[in-house]
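Structure at a glance
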Amino acid sequence: MCGFVGIIGVERASAALSMGLQALQHRGQDACGMGTVEEGRFHVYKDLGLVVNVFSESTLSALRGTAGIGHTRYPTVGTGVREDAQPFYTRRPGVLMAHNGNVTNVDELEKRLLGRGIHVQSACDVEPILLVFAEALSERRPQGHTTDDVVEAVREVFEAVRGAYSCVALCEVDGKETLVAFRDPHGIRPGSYGRSARGGWMAASETVALDALGFSVVGDLPHGAVVLMRPGEEPVIRTIEPLAPRPCVFERIYFARPDSAMEEGRVNSTRWAMGKRLGEEWAKLGLQADVVIPVPDTSRTAAQAMAEVLGLPYREGFIKNRYSGRTFIMPDAAARQAAHRLKLNPIPEIFEGKRVILVDDSIVRGTTVRRLADLAKSTRPAAVHMAVYSPPVKHPCYYGIDMPSKRELVAAKLPESEWATAFGVDSVTFLSLDGLRETMASLPHASHAICMACFDGDYPVPVSTGEVAAIVADRGRELPGTGT
Ligand code: SF4
């Protein structure tokens, strides 16, 4: 999972990108990068670490120009080295590109490119997208590319590249620097764009980046289409290959910031609707509780909605330490418990003697929920009920969210009757599949289906057995997990 920002027509692109990337830091903390263009010359800088640590004032000053692209990286493939950080650049013709997503047929693309004498150098899957795009442009003409050339190059990408990807690129089109943005034919990964009062344009993974820079949001990047943006001009939007839109529901559940807006509306409202439905489903189970407690930070909105439906008090029972860094492998259980408490500490009075409902966004591997149950039980509650505002994750994601192979998914490994015991809680309740589907369909601006393949196994883009094996092998490298 990653975040991208593209901007054009601002006074100092690097300073603007730095702020936009900080607004998207939650989408990737492993590495970040930025590229700008100044009179046809590209300047690129990328490194491992957070945006505030990687970009000093002197680094930003060297990134000159009024247009640029920035990226925050959370690797779902690759080794997490600096060379895999984005954006990527190709000299022939001059194109700078960054993306969010996951390409499922990287091996096939690498073979195709190699057959034409083009080597893929990194383990980052934006590089094959960039090289397919650049090659298609160069085949039409070596320089002086037109809008039609870009449209045909994106068409070539849509035909050749499988998976989920939202991309931004900078290149010269019709003799002018142009910000180019496109989203895969199903629009699985998010992307939006907007304008500034001074005629500048911006595209980003989430609207919060546009908010941070004072840009007005125009809308979501259209799926299966390309948008070309130039300062002071209306954008050119060309529809190429739109298939049924299937944006990722997990963005709404967990990944995106609640203040971002996506197709069906504000993420906060979507989470509220999910929590409300979970409350309605929980009420039918005949269980009793005294208080609803969120697992911070993502679950707050849904927990408030659930508490309202059940007529129960909502209380903050866990305090999250914003300043804890990485905790390392600890030698014994007590030390591991200490490391976990460093990150999340319970307030005993909120739990003691009460039947509590802990609300969380999702359960993937089951490790976090076991730790949460241990922490809650150390405060001597009368009962601990786990309520999750998404269905059980039973299938891996191949489209850019780091969800492990099926054998690591706890809900796929254990029968439902064993979940509560395995997690160490008195009960565990998930939002039903129908509940999630109906909730999404009921939202005011809902006009599309969604991808919920990690819950129901209905993948919008088929993934072959060979592609699955390659993705699983790539994930076998040392990568951070979601840990949930
Ligand atoms: S499989 Fe799940 S996480 Fe992956 S894109 Fe679909 S909804 Fe999102």
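Computed from a predicted structure; not experimentally measured. (Residues numbered from 1 in each chain as written. Predicted model: local features only at pLDDT ≥ 70, side-chain atom pairs only at ≥ 80, totals over all residues.)

Brief notes about the pairing of strand E13 (residues 236-239)
Which entries qualify depends on this criterion: For two strands to be treated as a pair, DSSP must find at least two bridges joining them. By the criteria applied, helices consist of DSSP H or I runs no shorter than four residues and strands consist of E runs no shorter than two, each listed in order from the N terminus.
Direction of pairing for strand E12 (residues 225-229) relative to E13: antiparallel, over a ladder of four bridges. Each bridged residue has a counterpart across the sheet, and for Ala225 the counterpart in E13 is Thr239. From the end of E12 to the start of E13, which pair antiparallel, there are six residues, and Gly232 there has a positive phi angle of about 75°.

Focus: the environment of Val295
When you line up the elements, Val295 lands in the loop between strand E16 (291-294) and helix H10 (300-310). Note: C-alpha distance between Val295 and Arg141 (154 residues apart in sequence) is 55 Å.

Some words on the site of the ligand
Threshold: Nearness here has a simple definition: the residue's C-beta atom, placed using the backbone, must lie within 6 Å of the molecule or strand. Charged residues are taken to be Asp, Glu, Lys and Arg, nonpolar residues to be Ala, Val, Leu, Ile, Met, Phe, Trp, Tyr, Cys and Pro, and polar residues to be all remaining types, Gly included.
Around the ligand, the neighbouring residues are Ile188, Cys248, Val249, Phe250, Cys397, Tyr399, Ile401, Cys451, Met452, Ala453 and Cys454. Looking at the shell around the ligand, the elements that each hand over two or more residues are helix H8 (249-255) and helix H17 (453-456). Among the residues making up the shell around the ligand, the classes are represented as 11 nonpolar, no polar and no charged.

Notes on the sheet that holds E16
Selection rule: To get an axis, fit a line to the C-alpha atoms, keeping to the stretch in contact for a helix; angles then go from 0 to 180 degrees between the N-to-C directions.
Ordered by their spatial adjacency, four strands build an open sheet running E16-E19-E20-E21, and the pairing between neighbours is parallel. Two strands close off the open sheet at either side, each with one partner strand: E16 and strand E21 (427-430). Across the sheet, the mean angle from the axis of one strand to that of its neighbour is 25°, orientation sign disregarded. Note: strand E19 (residues 355-360) against strand E20 (residues 383-388), six bridges, orientation parallel. The partner of Leu358 across the bridge, within E20, is Met386.

Quick look at the domain arrangement of the protein
Our working rule: An automatic or database domain assignment is the source of the domain bounds shown. Note on contacts: each residue gets a C-beta atom placed from the backbone, and two residues are in contact if those atoms are within 7 Å.
Partitioning the protein into structural domains gives domain 1 (2-243) and domain 2 (265-321 + 342-457). In this structure, domain 1 and domain 2 have C-alpha centres spaced 35 Å apart. Each partner contributes residues to the interface: domain 1 has nine residues there, and domain 2 has five residues. Breaking the side of domain 1 that touches domain 2 down by element, the ones donating at least two residues are strand E6 (95-103) and strand E7 (163-173).

Quick word on the pairing of strand E1 (residues 2-8)
Quick note on the threshold: Once C-beta atoms are placed from the backbone, each residue is buried if 20 or more other C-beta atoms lie within 10 Å of its own, exposed if 12 or fewer, and partly exposed for counts between those two.
Burial runs high along E1: seven of the seven residues are buried. Covered by surrounding structure in E1 are Cys2, Phe4, Gly6 and Ile8 together with Gly3, Val5 and Ile7, the residues of both alternating faces. With seven bridges joining them, E1 and strand E4 (residues 67-73) adopt antiparallel strand pairing. Following the sheet pairing, Ile8 is matched in E4 by Ala67. Relative to strand E10 (residues 201-204), E1 runs antiparallel, the two sharing four bridges. Residue Gly6 lies in a different strand from E10, and its bridge partner there is Ala203.

Some details on the packing of helix H9 (residues 267-283) against helix H16 (residues 433-442)
We apply this condition: Every angle not falling under 35 degrees, over 145, or within 65 to 115 is termed oblique; those three ranges are roughly parallel, roughly antiparallel and roughly perpendicular. Handedness of a crossing follows from how the near helix is turned relative to the far one, being left-handed for an anticlockwise turn of less than a right angle and right-handed for a clockwise one.
Where H9 contacts H16, the two axes come as close as 10 Å, and the packing angle between them is 135°. For the element pair H9 / H16, the angle class is oblique. Crossing geometry of H9 relative to H16 is assigned as right-handed. Between H9, through Ala273, Met274, Arg277 and Glu281, and H16, the contact on the second element is made entirely by Gly435, Thr439 and Ser442. Classifying every residue of the contact of H9 with H16 by side-chain character gives two nonpolar, three polar and two charged.

Re the confidence of the model for the protein
Caution applies to low-pLDDT parts of the model: their predicted coordinates are not meant to be read in detail. Worth spelling out the cut-off: For every residue, the predictor states its confidence as a pLDDT score lying anywhere from 0 to 100.
The pLDDT averaged across the protein works out to 92; a share of 94% of its residues lies at or above 70. Counting interchain partners and residues more than four positions distant, the pLDDT-below-50 stretch residues 477-484 has 17 contacts.

Some points on the packing of helix H4 (residues 106-114) against helix H5 (residues 126-140)
Here H4 crosses H5 at 40°, and the two axes come no closer than 10 Å. Taken together, the axis directions place H4 and H5 in an arrangement best described as oblique. Between H4 and H5 lies a crossing of left-handed hand. Residues Val106, Leu109, Glu110 and Leu113 of H4 form the contact with H5, whose participating residues are Pro128, Leu131 and Val132. Tallied by class, residues from the contact of H4 with H5 come to six nonpolar, no polar and one charged.

A short note on the sheet that holds E6
Within the open sheet, the six strands sit side by side as E5-E6-E7-E8-E12-E13. Their pairing is antiparallel. Each edge of the open sheet carries a strand with a single partner, namely strand E5 (88-90) and E13. Each neighbouring strand pair of the sheet contributes to a mean axis angle of 20°, computed without reference to strand direction. In the sheet, E6 pairs with E7 via eight bridges, with the strands oriented antiparallel. Residue pairing across strands places His99 opposite Cys167, the latter belonging to E7. Of the strands in this sheet, E5, E6 and E7 are in contact with H5, which crosses E6 at around 130°.

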